[in-house]
Amino acid sequence: MHMALKYGIDISENTLKRVLKRNAVRPNRYRRGSRAPKPLYDYGALLPFEEGQIDTKYIEDYGALGSMVFRLRKYNLPLYQWTYVDAKSKVRFQAYSHGLGRGCGTLFLSLVTLWLRSCGIQTALRVQQDGGSEWLQPDQAECQEMLLLLREQWHVSVRTIPPGKKWLQGIVERSHRTDDEEFYIQRVFKIKSEEDLLKEALNYIYYYDCVREHSSLNDMTPFQHLKGQLPDLDDTMKLVPPI
């Protein structure tokens, strides 16, 4: 019909089909827009620190930092960052190590728990991790004793995400990308010792929790969002020291 009206050419549909088939012309196929991704949690019902994600970050990432990674080894700086992020408020904790020693993950989780309890947060914690050897060592008695203590006395449970479902760790993984973009790329050239690293990391954690607005929190900072949920929370909570 279009060709007939515009060019005065009258061609039957069957003729057009044969021409298209002979020239191997395939019709364009349009996919329907994908559905919005399902939220990881029921954020409306979630309590602060009821759910959290914990993971490690290999700092010496040439793809992210380029030649600046060589400064890490030049000054013998830690190569691994340990991160815990509260799913509700996005408040985070951070620590460093030179390796992924056995039991380091359990020790880090214990330190996070003790800090929260010292700040008056008694919520039972459910923490998920990706199953790396740095988190759980079933054959190490000390780790098992610490996990038992966390579970029975501090009400902390740890679960492992299923294999192949890394997206379930999306909150902490996204925070690691922010670390590269807003911390390491910006500040690594000023770091020449472990003391420098801890000082810069302390400033960055304060910036991340108390200054940087998050679109997922309606443009509030994590600590503002947390105080909205827990108005009586001690302000020392926002001064989380990296170790």
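Residues numbered from 1 in each chain as written. Predicted model: local features only at pLDDT ≥ 70, side-chain atom pairs only at ≥ 80, totals over all residues. Heavy atoms only, no water.

Now for the packing of aromatic side chains. Tallying each qualifying case throughout the model produces nine aromatic pairs. Here Tyr-41 and Tyr-43 contribute two aromatic rings whose centre-to-centre distance is 5.8 Å and whose plane-to-plane angle is 75°, an arrangement assigned as edge-to-face. For Tyr-41, a relative accessible area of 11% gives the class buried. Taking 4.6 Å as the distance between ring centres and 45° as the angle between the ring planes, the aromatic pair formed by Phe-183 and Tyr-184 counts as tilted. Each member of the pair, Phe-183 together with Tyr-184, is buried. Every member of this aromatic cluster is reached through a ring pair, and the members are Phe-183, Tyr-184, Tyr-204, Tyr-207 and Tyr-208. (Phe/Tyr/Trp six-rings, centres within 6.5 Å; stacked < 30°, edge-to-face > 60°. Buried < 20%, exposed > 50% of the residue type's maximum accessible area, 1.4 Å probe, protein only.)

Time to look at a nonpolar patch on the surface. Taken together, the side chains of Leu-107, Leu-111, Leu-114 and Ile-243 define a hydrophobic patch exposed on the protein surface, amounting to about 340 Å² of accessible area. By the secondary structure assignment, Leu-107 is in helix 5 (residues 104-118). Under the relative-accessibility criterion, Leu-107 is labelled partly exposed at 45%. (Patch = residues over 30% accessible without salt bridge, like charges linked within 9 Å, V, L, I, M, F, W, Y side chains within 5 Å. Areas by Shrake-Rupley, 256 points an atom, 1.4 Å probe, with all protein chains shown as cover. Salt bridge = Lys/Arg side-chain N within 4 Å of Asp/Glu carboxyl O. Helix = DSSP H or I, 4+ residues; strand = E, 2+ residues; numbered from the N terminus.)

Along the chain, Asp-86 falls in strand 2 (residues 80-86). Although Asp-86 is buried, it forms no salt bridge, and the closest oppositely charged side chain is Lys-90 at an N-O distance of 7.5 Å. With residues near it in sequence (within four places) discarded, Asp-86 still touches Pro-48, Phe-49, Glu-50, Glu-51, Gly-52 and Val-91. (Lys, Arg positive; Asp, Glu negative; His and termini not counted. Contact = heavy atoms within 4.5 Å.)

With that settled, consider the nonpolar core. In this structure, Phe-49, Tyr-84, Phe-93, Phe-108, Leu-116 and Met-237 are the most contacted members of the largest nonpolar core, which totals 41 residues. When residues of this core are traced back to their parent elements, those giving at least two are strand 2, strand 3 (92-97), helix 5, strand 4 (125-129), helix 6 (141-153), helix 7 (170-187), helix 8 (194-210) and helix 9 (222-229). Tyr-41, Leu-46, Val-85 and Ile-171 belong to the second largest nonpolar core, which has six residues in total. (Core = buried A, V, L, I, M, F, W, Y, C linked by side-chain atoms within 4.5 Å.)

It is worth spelling out the pairing of strand 1 (residues 51-58) at this point. Looking along a regular strand, one sees the side chains alternate between the two faces of the sheet. Most of strand 1 is tucked away: seven of the eight residues are buried. Bridge count for strand 1 against strand 2 is seven bridges, and the pairing is antiparallel. Residue pairing for strand 2: Thr-56 is matched across the bridge by Trp-82. (Pairing = 2+ DSSP bridges.)

When pLDDT is averaged along the protein, the result is 85; 87% of the residues meet or exceed 70. Ranking the helices and strands of the protein by mean pLDDT puts strand 2 first, with 96, and helix 1 (residues 2-7) last, with 55. (pLDDT = per-residue confidence, 0-100.)

Once that is clear, we can look at the pairing of strand 2. Burial of strand 2 is extensive: seven of the seven residues sit out of reach of the surface. Neither face of strand 2 is open: one carries Tyr-80, Trp-82, Tyr-84 and Asp-86, the other Gln-81, Thr-83 and Val-85, and all of them are buried. Hairpin geometry of strand 2 and strand 3 is characterised by an intervening segment of five residues between the two adjacent antiparallel strands and by a positive phi of about 70° at Lys-90.

It is worth spelling out unusual backbone geometry at this point. In this structure, Asn-218 takes a positive phi of about 55° despite not being glycine. By secondary structure assignment, the location of Asn-218 is in the loop between helix 8 and helix 9. Of note in this structure, Asp-219 is not a glycine but carries a positive phi near 60°. Among the structural elements, Asp-219 can be located in the loop between helix 8 and helix 9.

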